[in-house]
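Read off the chains here:
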Amino acid sequence: MAAEREPPPLGDGKPTDFEELEEGEDLFTSTVSTLESSPSSPEPASLLAEDVSTNSNGPKPAEVVLDDDREDLFAEATEEVSLDSPEREPIPSSEPSPAVTPVTPTTLIAPRIESKSMSAPVIFDRSREEIEEEANGDVFDIEIGVSDPEKVGDGMNAYMAYRVTTKTSLSMFSKSEFSVKRRFSDFLGLHSKLASKYLHVGYIVPPAPEKSIVGMTKVKVGKEDSSSTEFVEKRRAALERYLQRTVKHPTLLQDPDLRQFLESSELPRAVNTQALSGAGILRMVNKAADAVNKMTIKMNESDAWFEEKQQQFENLDQQLRKLHASVEALVCHRKELSANTAAFAKSAAMLGNSEDHTALSRALSQLAEVEEKIDQLHQEQAFADFYMFSELLSDYIRLIAAVKGVFDHRMKCWQKWEDAQITLLKKRETEAKMMVANKPDKIQQAKNEIREEIEEVG
Amino acid sequence: MWGLGTRTTDLTANGVPHHKSGIQSKGEAARARRGNHARLQPSSISADLPGDSSLWVEISDAVSERDKVKFTVQTKSCLPHFAQTEFSVVRQHEEFIWLHDAFVENEEYAGLIIPPAPPRPDFEASREKLQKLGEGDSCVTREEFAKMKQELEAEYLAIFKKTVAMHEVFLQRLAAHPTLRQDHNFSVFLEYGQDLRVRGKNRKELLGGFLRNIVKSADEALITGMSGLKEVDDFFEHERTFLLEYHIRIQDACLQADRVIHSHKSLAEGFNPISAALNSLGTQEVNQLKTSFFKLAELFERLRKLESRVVSDEDLKLSDLLRYYMRDSQAAKDLLYRRLRALADYENANKALDKARTRNREVRTAESHQQLCCQRFERLSDSAKQELMDFKSRRISSFRKNLIELAELELKHAKASTLLLRNTLVILKGEP
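Computed from a prediction, not measured in an experiment: that's the story for all the values here.

Conventions adopted
- Residues numbered from 1 in each chain as written.
- Chains lettered and ligands numbered in written order.
- Predicted model: local features only at pLDDT ≥ 70, side-chain atom pairs only at ≥ 80, totals over all residues.
- Heavy atoms only, no water.
- Helix = DSSP H or I, 4+ residues; strand = E, 2+ residues; numbered from the N terminus.
- Buried < 20%, exposed > 50% of the residue type's maximum accessible area, 1.4 Å probe, protein only.
- Areas by Shrake-Rupley, 256 points an atom, 1.4 Å probe, with all protein chains shown as cover.
- Phe/Tyr/Trp six-rings, centres within 6.5 Å; stacked < 30°, edge-to-face > 60°.
- Polar contact = N/O pair within 3.5 Å; in protein donor to acceptor, adjacent residues only side chain to side chain.
- Axes fitted to C-alpha atoms, helices over the stretch in contact; angles between N-to-C directions.
- Parallel < 35°, antiparallel > 145°, perpendicular 65-115°, else oblique.
- Nonpolar A, V, L, I, M, F, W, Y, C, P; charged D, E, K, R; others polar.
- Pairing = 2+ DSSP bridges.
- Contact = heavy atoms within 4.5 Å.
- Salt bridge = Lys/Arg side-chain N within 4 Å of Asp/Glu carboxyl O.
- Buried area = accessible area lost by both parts, 1.4 Å probe.
- Core = buried A, V, L, I, M, F, W, Y, C linked by side-chain atoms within 4.5 Å.
- pLDDT = per-residue confidence, 0-100.

Visitor: Any chance you could explain the overall build of chain A here in plain terms?
Guide: A count of helices and strands for chain A gives 17 helices and 3 strands. Within chain A, buried positions represent 46% of all 458 residues. For chain A, the exposed surface amounts to about 23,400 Å²; the carbon and sulfur share of it is 56%.

Visitor: Teacher, can you tell me more about the packing of aromatic side chains here?
Guide: Think of a pair of aromatic rings as described by two things: how far the centres are apart, and how the planes are tilted against each other in angle. All names here are of chain B. For the coordinates displayed, the defined rule picks out 14 aromatic pairs over all chains. Pairing Phe96 with Phe170 gives two aromatic rings, centres 6.5 Å apart and planes at 50°, and the pair type is tilted. Of this pair, Phe96 sits in helix H2 (residues 93-105) while Phe170 sits in helix H4 (residues 142-176), and the two are 74 residues apart along the sequence. You'll find Phe96 and Phe170 in the same group, each marked buried. Ring geometry for Phe103 against Phe186: centres 6.5 Å apart, planes inclined by 55°, an arrangement best described as tilted. Of this pair, Phe103 sits in helix H2 while Phe186 sits in helix H5 (residues 184-191), and the two are 83 residues apart along the sequence.

Visitor: In this structure, what is going on with the side chain of Ser398 of chain B? I would like to understand it.
Guide: Residue and element names in this part refer to chain B. Tracing the sequence through the fold places Ser398 in helix H9 (residues 363-430). The class for Ser398 is buried, based on a relative accessible area of 0%. Within polar-contact distance, the side chain of Ser398 engages the side chain of Tyr325 at 3.5 Å.

Visitor: Sorry if this is basic, but what is going on with the packing of helix H8 (residues 287-359) of chain B against H9 of chain B here?
Guide: Think of two packed helices as two axes; the pair is described by the angle between the axes and how far apart they sit. Residue and element names in this part refer to chain B. It is at 8 Å that the axes of H8 and H9 come closest, and there the two elements cross at 170°. On the basis of the axis angle, H8 is roughly antiparallel to H9. In the contact of H8 with H9, the residues fall into 37 nonpolar, 11 polar and 18 charged.

Visitor: Can you walk me through the sheet that holds strand E3 (residues 86-92) of chain B in this structure?
Guide: Pairing between sheet strands relies on hydrogen bonds along the backbone, with the strands arranged either parallel or antiparallel. Residue and element names in this part refer to chain B. What the 3 strands build is an open sheet, ordered E1-E2-E3; its pairing is antiparallel. If you trace the sheet from one side to the other, it starts and ends with strand E1 (55-64) and E3, each paired once. Neighbour-to-neighbour, the strand axes of the sheet open up by a mean angle of 25°, direction not taken into account. Alignment of strand E2 (residues 69-77) against E3, held across 7 bridges, turns out to be antiparallel. Among the inter-strand pairings, Lys76 is bridged to a residue of E3, identified as Glu86. Sitting on the sheet, H4 is in contact with E1 and E2, with an inclination near 155° to E1. Across the sheet, H5 touches E1, E2 and E3, and the angle it forms with E3 is around 95°.

Visitor: Would you explain the sheet that holds strand E2 (residues 159-168) of chain A in this entry?
Guide: Residue and element names in this part refer to chain A. Taking strand neighbours across the sheet as the criterion, the 3 strands line up as E1-E2-E3 in an open arrangement whose pairing is antiparallel. The open sheet terminates on both sides in strands that have one partner only, identified here as strand E1 (142-152) and strand E3 (177-183). Here the strands of the sheet are splayed against their neighbours by 20° on average, with no regard to which way each runs. In this structure, E2 lies alongside E3, joined through 7 bridges in antiparallel fashion.

Visitor: What's the story with the pairing of E1 of chain B in this structure? I'm lost.
Guide: Moving residue by residue along a regular strand, the side chains alternate between the two faces of the sheet. All names here are of chain B. Two elements, E1 and E2, share 9 bridges in a ladder whose sense is antiparallel. The residue bridging Trp56 from the neighbouring strand is Lys76, located in E2. Between E1 and the antiparallel strand that follows it, E2, lie 4 residues.

Visitor: Sorry, what's going on with the pattern of salt bridges here?
Guide: Side-chain pairing between opposite charges can occur once the charged atoms of the two side chains come close. All names here are of chain B. The full count for this structure, using the stated rule, is 28 salt bridges over all chains. A salt bridge links Arg120 to Glu94; the shortest N-O distance between them is 3.8 Å. Taken as a pair, Arg120 in the loop between H2 and helix H3 (124-135) and Glu94 in helix H2 lie far apart in primary sequence, 26 residues in all. When its relative accessible area of 55% is taken as the criterion, Arg120 is described as exposed. Here the residues in one salt-bridge network are Lys162, Asp258, Asp315, Asp320 and Arg323, joined through shared partners.

Visitor: Explain the interface of chain A and chain B to me, please; I cannot follow it from the model alone.
Guide: In many reports, interface size means the accessible area that the parts give up when they come together. Contact residues are listed per partner, giving 28 residues for chain A and 34 residues for chain B. Here chain A and chain B share an interface that buries about 3,000 Å² over both sides, 71% of which is from carbon and sulfur atoms. Between the two partners, chain A and chain B, sit 3 salt bridges. Notably, a salt bridge pairs Arg395 of chain B with Glu355 of chain A, separated by 2.5 Å at the nearest N-O pair. In this structure, the connection of chain A to chain B is made through 11 residue pairs in polar contact (both at pLDDT 80 or more). Element by element, the count of residues in the side of chain A that touches chain B is highest for helix H15 (residues 304-354) of chain A, at 21 residues.

Visitor: Hey, could you run me through the nonpolar core in this one?
Guide: Across soluble globular proteins, you tend to see nonpolar side chains buried next to one another. The biggest cluster of nonpolar side chains holds 66 residues, and the ones touching the most others in it are Leu323 of chain A together with Ile250, Leu322, Leu388 and Phe399 of chain B. For this core, the elements supplying multiple residues, two or more each, are H15 and helix H16 (358-437) of chain A together with helix H7 (234-284), H8 and H9 of chain B. The element contributing the most residues to this core is H8 of chain B, with 16 residues. Among residues more than four places away in sequence, those in contact with Phe399 of chain B are Leu360 and Leu364 of chain A together with Tyr246, Ile250, Leu321, Leu322 and Tyr325 of chain B. Counting 29 residues, the second largest nonpolar core, distinct from the first, contains Val73, Trp98, Val164 and Ala175 of chain B.

Visitor: Where do I start with the confidence of the model for chain A in this structure?
Guide: Interpretation of this model should avoid reading the predicted coordinates in detail wherever pLDDT is low. Residue and element names in this part refer to chain A. On average, residues of chain A score 64 in pLDDT, and 54% of them are at 70 or above. Least confident of the elements in chain A is helix H7 (residues 104-115), whose mean pLDDT is 34; most confident is H15, at 87. Here residues 1-139 is a poorly scored stretch, pLDDT under 50, and it has 171 contacts once near neighbours within four places are set aside; other chains count.

Visitor: Explain the confidence of the model for chain B here, please?
Guide: Residue and element names in this part refer to chain B. Per-residue pLDDT for chain B averages 78, and the proportion of residues at 70 or more is 83%. Here helix H1 (residues 22-34) stands out as the least confident element of chain B, with mean pLDDT 34; H9 is the most confident, with 89. Segment residues 1-51: pLDDT under 50, and 94 contacts once partners within four positions in sequence are set aside and those in other chains are kept. At the level of chain-chain contacts, confidence expressed as ipTM amounts to 0.76, with global pTM at 0.66.

If you want it as structure tokens, here you go:
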């Protein structure tokens, strides 16, 4: 049954989705048959439905609507299927989906769009999670841990392998607890795959931690000093947070690539993420082109909502950066203080030793002990400051960068749409000219071109 | 006779050089020992000065001009060699140094621990910061600027107060010491209304001082290395080893304490930009997040104030204490050196006497010389013993007082900050 339900372009994620829901609601088994017909319909609607998400008419969290659907009647699930299907295809990221004419699905969803409050992505994540939890008693339970960094290999080819442990009760995974070994480039590979699939549709894909050549070289060379252990610890924590954010996103969770990442023991090496590879250079060139584009494109912001949001994000970004810088300075000072306190503790102990009056000597030694404890406390505090405050801030700064990326992408789509429209106009003019000149074959050619253009615009 | 070196002064105070007549000094000494109650000390560094109302010195006022600080030294005394009972003069730092050096170079006080000279008033760091602030930093908001200015002014004031206290302690120790207080230079310093016209040491003199130090330490090494010189007195032997080690250790501790204070200060100041950034974040947000941000900003602001108070207390009680006793132990070491030198001279005189006796020439002069050396040595040893024991008791009580006060203050501040943090937590959590 599951196989039948599967519409051709869909990945294997979908059926299990239905299974989940089915466990809760047996009533809907009768309606299952009706679904079989619907999958066929989404094909023409699919592209258009995609528009919904990138359509600037409504708020970006159109995805939120999908969740709502899930908790509602099964009938709504048809929309869900159709809306989701495009994502399932590994669509090459170059294909734009400019929004033109919304279609029937939108009308159903439109009212819900209005009802959903426009919340910042920060709270966005959490509200989605709540909705998930409310849905059919299905516990959104997936815990991911990244641990045990191990150095594998030697010399410049060495790398750190991290153990990714997943504990889940979601049925889409084959086991409830499993762990695999992954290296940093695997994480980056996952991110690039997810980004290519979802970014143009308007989702915010959580950004992966950055590459650090200096840090990794130190580790590779095998320097066993505190800075390299700190670096490894920092990276491990960042990877954990990255995975946790990614799985919180319900749509991303359904992604087969993500599941493969979490489950399969062997993963094809993502060579494209290497800094000096061909793909890396291509990325840099693309980034430069984007930067130029940003300066030249002047988009007429027709939607006040977007304009306001963009401004908000700019401000938020600036302030977060300032705060982040000051917190990092604070952590640095505290570490310095802790080191100095330790030195003073030793010094006071020596002084206590050389003092010949016994009571004073004892007092000084106690002072030394207290100072040592203070040093420990400062270290812990610095640790906490760093991992909870500073890293959190930098994560949000990166998220905002991702949000900005989505905004930029939207702008690019609009640009392409404009271009396509202009070309369409030109082609129409040519066609008209041909008609007047009465050259039948040219007319046919023109008509073909027009059709192509319409398709592209549409 | 006064060993003033090459520096000139206008010494004509009372027109008559003051001699310590036996009766007078005994009477004064007796009076000193009678009134041995603890006096109210503005500075807690030397807690145990013998109280005596016959000579009261304090610095009642201080003015800071561009690069000089002028102290107003007020004296209240019923001692006969002063013209009035109450008078005050204006002195500068160089004149304090002159007085200190006068004591050090005076042979009569060789057996005493000369109170260490006060450090030069140093407003450099503060002045630099103030200048930088004045030059203007455009990315700093007006409130931040005002806050930083306030902080800098407070810091300037704190340094100022400290230097006044140091100078005062120096004078008060001199005034309390039964022998030192009677010094002629001291009375001149306290009384002479006009400028002492003491110029600061020029480069030649500084170099001279530096060379003298080198010679002194070489000499010391030579003397101690001499096989013939054995320390007869166990007490002094013990004191010597103790002081040497103690001085090194306390120097190190003082250095480390300074570093701790410095980094703690930058930590406290680091709370400021965080508070400002949180404030600006708060203005952007709405409702619950907004109030949370504002509350956090307030928390950091208060924490900063608390932390700076902790830092200044630590500075006063711990760092200054260590620094003062570092200098004091250096002075004690100097005393021991002088005694050692006298012992070496005595030994040399003995040898010379023996040589003279064998040759049977100049026996008389050798004998008298030897007598002199012997007397000097014994005199030094006696007073040194007394001084060193005083030093020990002074040190212990001062450490005790300061460490207790430090602990109490730290407790107080820690309680305040836990309360503050807890309250903020409650408020932050309480809001749904």
